[in-house]
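One letter stands for each residue in the lines below.
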Amino acid sequence: MYASRFARRFRSARRPVPAWLAHPLGWRSGPIPWTAVLRGAMSAGPLLALGSMTGRPGFGVLAGLGAMLAGVNDRPGTRRTGVVHIGLPAAAGSLGLLCGSLLEDSGSRWAAVPALFVVGWISGALSVGGPVWSAACMQMLVTAAIGAGMPIPGPAWLKALCYLGGAGWLLLLRFLLRAPRWKGTWRVGEREAVAAVFDALADALHALGGPDAEPARRRLTAAQQRADEALRLMRLLSWPRWRRGSGATQADMITERFGAATALCEAGIALLWEGRPLPHQVAEGPRRLAAAVREDSTPGALSSPASDSVQRGAFDQALLAVAVTFDRTVPGREPAPDQDDSLATAPAPPQADERDADHSGARQTAPGTVRTPMFRTPTSRPWRGRLFAPARREYGLRVALCVSISTAVALTLHQVHWYWLPATAAFLVKPDMGPLFSRVVNRVAGTAMGVLAFTLAMAGPGGTWWLIAVVVTGGAMIPVATRHFGFQTAVITLLVLSFLYAVGDTEATWSRLLDTALACGVVLLVGHLPHLTDPGIRVGHRFAVALRCTERYLRHVLDGPATPGAPSLPRGADAQAIALRHAAYRALAEARAAAETAGAEWPGPRRTHRHDWLAVMARAERIVDAATVCAVRVEHGVPMPSPAEVRGVTTALSEMADILESGRVTESITLPETPQDCRSLRDVMTHLDGIRALTTAA
């Protein structure tokens with residue numbers, strides 16, 4: 001009894017482990033991707049063997065390097081998403097290798113310092129554009145350093161072609177080695193992506209009113225983004241013969257079902273905003289829709305909620321539209337001649353209850369109305385403004401300084417093989433791989449593990465084929481190693497040392513540890529310079545993108561008629577509105593990753609008064625949710641807010657986005673009066689005021 005009481009007191013007295021200290025030990029769990037493991041085993045090893053058999057091991061090493069870095073980007077998804085996520089970084093890497101090789105051919109060693117400064121600045125500035133841009137720019141910078149410092153004989157264009165061929169070999173393996181599919185089914189990846197949207201919606205509906213509602217909503221929007229990307233690439237990268245006949249029919253069917261899923265998800269977000277739990281049979285309806293997508297069938301009868309509020313009426317109407325869409329798109333079924341699609345969109349408008357008494361006189365938009373665009377959304381800023389935005393400028397300068405200083409130190413210490421220092425700095429300086437302290441710790445530990453593993457491996461039988469077996473083993477570990485930066489570093493170190501050994505460099509093993517330590521020191525030094533580590537710039541940029549997309553979304557949906565006195569029609573379901581809403585949620589997902597990274601940074605001397613970016617994240621997510629709800633409610637009969645209210649809300653969103661974008665988070669703005677007649681816009685202003693309070697210094 002006394003022992004248990006003492007244990008409880010001890011546990012209550014323990015302090016939680018700081019995030020910056022716990023992050024290096026974090027590990028992303030999940031099932032082992034055995035197909036990707038097989039692809040990794042067959043990627044770099046056979047290429048190195050081919051180069052050794054033909055007497056050109058240097059070209060085999062470059063091809064194996066391309067396959068290795070392509071394997072790092074070999075993530076789950078459809079085959080067409082693999083073309084983008086693997087192909088674009090590989091093309092950027094081959095360009096970097098070409099530039100670096102031309103620099104090496106010029107014979108001027110110290111010219112690499114300004115050259116890599118320029119490449120580093122461009123790489124850092126463009127990396128802010130998203131995950132694919134980040135991977136592509138990192139490969140371009142790393143291969144530029146390798147091309148400038150690795151003495152492999154051969155013309156520059158042939159080196160770049162070998163690198164691109166290695167990545168293309170892995171991409172070919174991705175096409176050939178994939179999970180088995182059922183006989184007679186096509187576009188399995190796209191079909192599974194759409195089915196995952198319905199599954200995520202079912203999880204979100206089950207979480208209504210509980211603490212898991214917001215995480216479920218984030219998983220729902222992430223599933224929508226993956227499906228949207230998969231279907232866009234399906235149209236863009238299809239073979240010409242599949243754009244006609246049965247291939248086009250399959251694509252149209254999947255696209256129509258995803259369009260119905262998008263409308264149902266918008267109504268589902270309105271239910272999440274309302275916060276009232278649904279009956280179990282209603283929440284399970286999307287699960288049956290997911291099964292129907294996978295099996296090319298109909299879901300059968302679906303239970304709908306009682307239409308006792310605008311939100312539930314919108315969900316009921318969207319569910320009926322989904323049912324009609326699935327019935328119309330079943331393979332082999334011809335639509336009935338008297339079937340009217342307006343049945344999917346013309347149920348009786350929901351009766352307003354006491355929760356919506358202020359909207360009892362609302363009109364309903366005519367179903368099937370073709371909405372002529374009445375407002376032209378503002379275009380993006382010019383490319384110069386985007387390239388020199390504060391977040392791009394800060395990140396580009398940080399990458400350029402780290403890489404150029406590392407290059408100068410390496411050229412001072414080494415006559416050959418100096419590329420390891422700038423290449424290591426390029427990997428370390430990327431904040432999307434975790435906080436700076438975590439990256440440094442994992443890089444040092446991973447390099448030590450990789451050097452030790454290579455030393456033990458070389459104590460074996462030796463010879464070319466034993467080295468190729470080591471490369472095959474390392475390539476097979478890449479898909480699992482990407483779950484932890486330290487493990488990934490160890491595997492990449494093992495492979496790179498094997499490549500160097502294949503071209504005759506047998507004395508560079510333990511010097512890699514010293515080079516890694518020096519690169520970590522440079523990155524830590526530059527990473528704590530003033531004006532280069534402010535998370536208000538890096539994180540605020542993502543929030544600014546989300547708020548700007550929300551502002552444009554509200555302007556597009558709620559803009560008044562072009563002609564005075566003409567009726568105003570809501571436009572929340574057209575393609576432009578959906579694209580803006582998806583862009584806002586995509587920016588929120590990137591902002592959450594940046595906020596979590598900023599929250600786990602080491603609390604240095606300039607980071608004692610950090611803003612609570614995760615709290616800002618929660619407010620920003622609710623702002624986008626409320627904007628979506630506003631469009632849904634207006635679409636289903638709630639009167640539009642006045643132009644003055646819309647102008648006040650959108651202006652406040654724009655001003656807050658400008659402040660977050662510039663990093664001047666200590667500035668305070670004066671918000672307009674909160675709308676009184678629109679509950680959803682009132683929520684937008686409430687959470688915007690919360691962001692202002694969280695990002696304003698006391």
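Above this text sits the structure in question.
Residues numbered from 1 in each chain as written. Predicted model: local features only at pLDDT ≥ 70, side-chain atom pairs only at ≥ 80, totals over all residues. Heavy atoms only, no water.

S.K.: Mind showing me how you'd approach helix α14 (residues 285-295) here?
M.R.: Side chains of residues three or four places apart in an α-helix project in the same direction, reflecting 3.6 residues per turn. When α14 is considered as a whole, its buried residues turn out to be G285, P286, L289, A290, A292 and V293. With its buried residues spanning 160 degrees around the axis, α14 presents them on a single face. Following α14 by one or two positions, D296 has its phi on the positive side, about 55 degrees. (Buried < 20%, exposed > 50% of the residue type's maximum accessible area, 1.4 Å probe, protein only. Helix = DSSP H or I, 4+ residues; strand = E, 2+ residues; numbered from the N terminus. Arc of directions from axis to C-beta.)

S.K.: How should I be thinking about the environment of D74 in this particular structure?
M.R.: Within the fold, D74 resides in the loop between α5 (57-72) and α6 (79-106). A polar contact is formed between the side chain of D74 and the side chain of R174, at a distance of 2.4 Å. (Polar contact = N/O pair within 3.5 Å; in protein donor to acceptor, adjacent residues only side chain to side chain.)

S.K.: Can you walk me through the nonpolar core in this structure?
M.R.: The nonpolar side chains of a soluble globular protein tend to be buried, and buried together. In terms of nonpolar packing, the biggest core is built from 94 residues, with F198, L264 and F543 touching the most fellow members. Sort the elements by how many residues they give to this core and helix α12 (residues 245-274) lands first, with 14 residues. Sequence-distant contacts of L264, defined by excluding residues within four places in its chain, comprise F198, L201, L289, F315, A318, L319 and V322. Counting residues in hydrophobic clusters, the runner-up holds 71 residues, among them L62, V113, L494 and F499. (Core = buried A, V, L, I, M, F, W, Y, C linked by side-chain atoms within 4.5 Å. Contact = heavy atoms within 4.5 Å.)

S.K.: Is there a simple way to think about the packing of aromatic side chains in this case?
M.R.: Per the counting criterion, the structure on display carries 3 aromatic pairs. With a centroid separation of 5.9 Å and an interplanar angle of 65 degrees, the aromatic rings of F454 and Y501 are classed as edge-to-face. Remark: Y501 occurs in helix α21 (residues 485-502) and F454 occurs in helix α19 (residues 436-458); sequence separation between them is 47 residues. Summarising the aromatic geometry, the rings of F543 and W613 are spaced 5.8 Å apart at their centres and angled 15 degrees between planes, so their arrangement reads as stacked. On the criterion of sequence distance, the pair formed by F543 in helix α23 (residues 535-558) and W613 in helix α25 (residues 613-635) is long-range, its members being 70 residues apart. Here the two residues F543 and W613 agree in accessibility, since each one is buried. Positioned over the ring face of F326 is R257, at 4.2 Å from the centre of the ring. (Phe/Tyr/Trp six-rings, centres within 6.5 Å; stacked < 30°, edge-to-face > 60°. Lys NZ or Arg CZ within 6 Å of the ring centre and 35° of its normal.)

S.K.: Honestly, the side chain of S94 in this entry has me stumped. Any pointers?
M.R.: Among the secondary structure elements, S94 is positioned in helix α6. Excluding residues that lie within four positions of it along the chain, S94 makes contacts with A160, Y163 and L164.

S.K.: How should I be thinking about the pattern of salt bridges in this particular structure?
M.R.: A side chain with one charge may pair with a side chain of the opposite charge, provided their charged atoms come close. Applying the stated criterion to the full structure yields 26 salt bridges. As a salt-bridge pair, R287 and D203 come within 3.0 Å of each other at their nearest N and O atoms. Of the two residues, R287 is situated in helix α14 and D203 in helix α10 (residues 188-206); the sequence distance between them amounts to 84 residues. Residue classification places R287 among the partly exposed residues on the basis of a relative accessible area of 27%. Taking relative accessible area as the criterion, D203 reaches 34% and is therefore assigned partly exposed. Notably, a salt bridge pairs D308 with R276, separated by 3.1 Å at the nearest N-O pair. (Salt bridge = Lys/Arg side-chain N within 4 Å of Asp/Glu carboxyl O.)

S.K.: What is the right way to look at empty space enclosed by the protein in this model?
M.R.: Rolled over the atoms, a probe with the dimensions of a water molecule shows which regions are left empty. Scanning the entire structure with this criterion turns up 7 cavities of 30 Å³ or more. Lining of the largest cavity is provided by 17 residues; of these, I146, W420, A423, I492 and V496 occupy positions nearest its centre. Only α5, α8 (131-149), α18 (420-428) and α21 provide two or more residues apiece to the lining of the largest cavity. Looking at the lining of the largest cavity residue by residue, the class counts come to 14 nonpolar, 2 polar and 1 charged. (1 Å grid on protein atoms, 1.4 Å probe; cavity = no way out; pocket = protein on both sides within 12 Å on 5 of 7 lines; lining within 4 Å. Points joined across faces, edges and corners; volume = space filled by probe spheres on them. Nonpolar A, V, L, I, M, F, W, Y, C, P; charged D, E, K, R; others polar.)

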